[in-house]
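# Understanding the architecture of this molecule
One letter stands for each residue in the lines below.
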Amino acid sequence: MKKVIYLDNAATTKVNPQVVEAMLPFYTEHYGNPSSVYEFSTPCKEAMAHTREIIAKTLGADDSEIYFTNGGTESDNWALTATAEAYASRGRHIITTQIEHHAIIHTGQYLESRGFEVTYLPVDETGLVDVKALERAIRPDTILISVMFANNEIGTIEPIQEIGEIAAKHGVLFHTDAVQAFCHEPIDVNECHIDMLSASAHKFNGPKGVGFLYIRKGLKLRSFIHGGAQERKRRAGTENVPGIVGMGKAVEIAQANMGENKKKETVLRDYLIGRVLSEVPFTRLNGHRSRRLSNNANFAFQFIEGESLLIMLDMDGICGSSGSACTSGSLDPSHVLLAIGLPHEIAHGSLRLTLSDETTKEDIDYTVESIKRIVERLRSMSPLYEDFVKAREKKEF
């Protein structure tokens, strides 16, 4: 079997063996329904309560403010639709950005079809939202601001604390999609004035199919899924106890190692960025140079097609991405790259590489050499690149 270098950790991560070990007893020994009244279900109730406490402590929240979901998409949908429904009598205006995950953008479009008005703020060439423009966009009927903590494609970290302060000053609720940031960046919901926060376990070495929504105490959000009294009557459905247990263990491990992992990943990320930008001509880095997730590098290569690059990297055993995993079947260029000002032809030549704590310098060196060889080969077959070279030679002559 060929060597695999996995550099798509923004899409999903490998489940930590300790997480698997923590989950197993809840499939075979403690398999009771946590809603049941008999003693056999007590370990399930206690395990869920423990995970709630772990997450709450990480965020500086109360455990009663943590609600389990099946992941980030559900949490995002819940935050927007339930807020719109609950606060419609106060206003029907929502503010978000043009670079949000589709779980936010598509939900915003759905709400527009239901009579709400959504402002999609532009960002600058690095992906940062202008906080002054955000404040100017607030109206008397604005009920919610939703801005992601860090972008899933280009890794840019938004000025969340400033945005939270603006929202609080104007009495507007503030939600952040922290799917890429939770357990990778320190987050305090009180310091940042966050009212709702979405996260997903499989982004930090936990299992797929489980996540949570933090809802600040006092918000009158209603159920998103109906049919039972689970999650304090706010989210119906039998709880995924093994997944919840695994998420709690993954949070514990990630929090304990966050500082060390960030340092290591930042060094490797900067090494990767430095080599690619200096050794592959006509390449640009997408996203903010330093204000970005420690494991994220996103490049745009002129005169090539990103899908061909990904296929050829895969032949070399390298797993990368051209953008969000949720849009991998789409032929359209990334809405994030278009929003930061890239023309279509360059946006199509993008590559996102996201590292983990297991990534090595040898992995980076092998990847860079592969990129250099593949880009050169693809450009040699590109009529656009050939015309560009001829025009440059003629100009220099």
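Residues numbered from 1 in each chain as written. Predicted model: local features only at pLDDT ≥ 70, side-chain atom pairs only at ≥ 80, totals over all residues. Heavy atoms only, no water.

### Re the sheet that holds strand β12 (residues 350-354)
We count it as follows: For two strands to be treated as a pair, DSSP must find at least two bridges joining them. Starting at the N terminus, helices and strands are each numbered in turn, a helix being any DSSP run of H or I of at least four residues and a strand any DSSP run of E of at least two. Fitted lines through C-alpha atoms serve as axes, helices being fitted only where they are in contact, and the angles separating the N-to-C directions of these axes extend from 0 to 180 degrees.
The strand order β9-β10-β12 describes an open sheet built from 3 strands, whose pairing is antiparallel. The open sheet has two free edges, formed respectively by β9 (283-285) and β12, since each of these has just one partner strand. With strand direction ignored, the average angle separating the axes of adjacent strands in the sheet is 25°. Note that strand β10 (residues 296-301) and β12 share 5 bridges and pair antiparallel. By the bridge assignment, Asn 298 is partnered in β12 with Arg 352.

### Some thoughts on the sheet that holds strand β6 (residues 173-177)
In plain terms, the rule: We call two residues in contact whenever any of their non-hydrogen atoms come within 4.5 Å of each other.
Read across the open sheet, the 7 strands follow the order β2-β8-β7-β6-β5-β3-β4; overall the sheet is mixed. Each edge of the sheet is formed by a strand with only one pairing partner; in this case those strands are β2 (66-69) and β4 (117-121). The average undirected angle you get between the axes of adjacent strands in this sheet is 20°. Judged from the 3 bridges that link them, strand β3 (residues 93-97) and strand β5 (residues 142-146) form a sheet pairing that is parallel. Within β5, the position partnered with His 93 by the bridge is Thr 142. In the packing of helix α3 (residues 42-59) onto the sheet, contacts are made with β2, β7 (196-200) and β8 (211-215), and the angle to β2 comes to roughly 120°.

### Overview of the pattern of salt bridges
Our working rule: By convention in these notes, a salt bridge is any Lys or Arg side-chain nitrogen within 4 Å of a carboxyl oxygen on Asp or Glu. Think of it in three bands: with a 1.4 Å probe and only protein chains considered, a residue is buried below 20% of the maximum accessible area for its type, exposed above 50%, and partly exposed in between.
The full count for this structure, using the stated rule, is 22 salt bridges. Of the charged contacts, one joins Lys 3 and Asp 363 as a salt bridge, the two residues approaching to 3.5 Å between their closest N and O atoms. With a gap of 360 residues between them, Lys 3 in the segment before β1 (5-6) and Asp 363 in helix α13 (residues 361-380) connect regions that are remote in the sequence. For Asp 363, a relative accessible area of 12% corresponds to the buried category. A salt bridge links Lys 372 to Glu 369, with the shortest nitrogen-to-oxygen separation between them at 3.6 Å. Within this pair, Lys 372 and its partner Glu 369 are both found in helix α13, separated by 3 residues, close to a single helical turn. A relative accessible area of 37% means that Glu 369 is categorised as partly exposed. If you follow the salt bridges from partner to partner, you end up with Arg 275, Glu 279, Lys 361, Asp 365, Glu 369 and Lys 372 in one network.

### Quick look at the packing of aromatic side chains
The line we're drawing: Two rings from Phe, Tyr or Trp (for Trp, the six-membered ring) form a pair when their centres are within 6.5 Å of each other. A pair whose planes differ by under 30 degrees is stacked, one over 60 is edge-to-face, and the rest are tilted. Remark: a charge is flagged as sitting over a ring if the NZ atom of Lys or the CZ atom of Arg is within 6 Å of the ring centre and within 35 degrees of the ring normal.
Inspection of every chain in the model, using the stated rule, returns 10 aromatic pairs. Ring geometry for Phe 282 against Phe 303: centres 6.0 Å apart, planes inclined by 85°, an arrangement best described as edge-to-face. Here the residue Phe 282 occupies a position in the loop between α9 (241-279) and β9, and Phe 303 occupies one in the loop between β10 and α10 (306-315), the gap between them amounting to 21 residues. Residue placement shows Arg 92 over the ring face of Phe 116; its charged tip is 4.1 Å from the ring centre.

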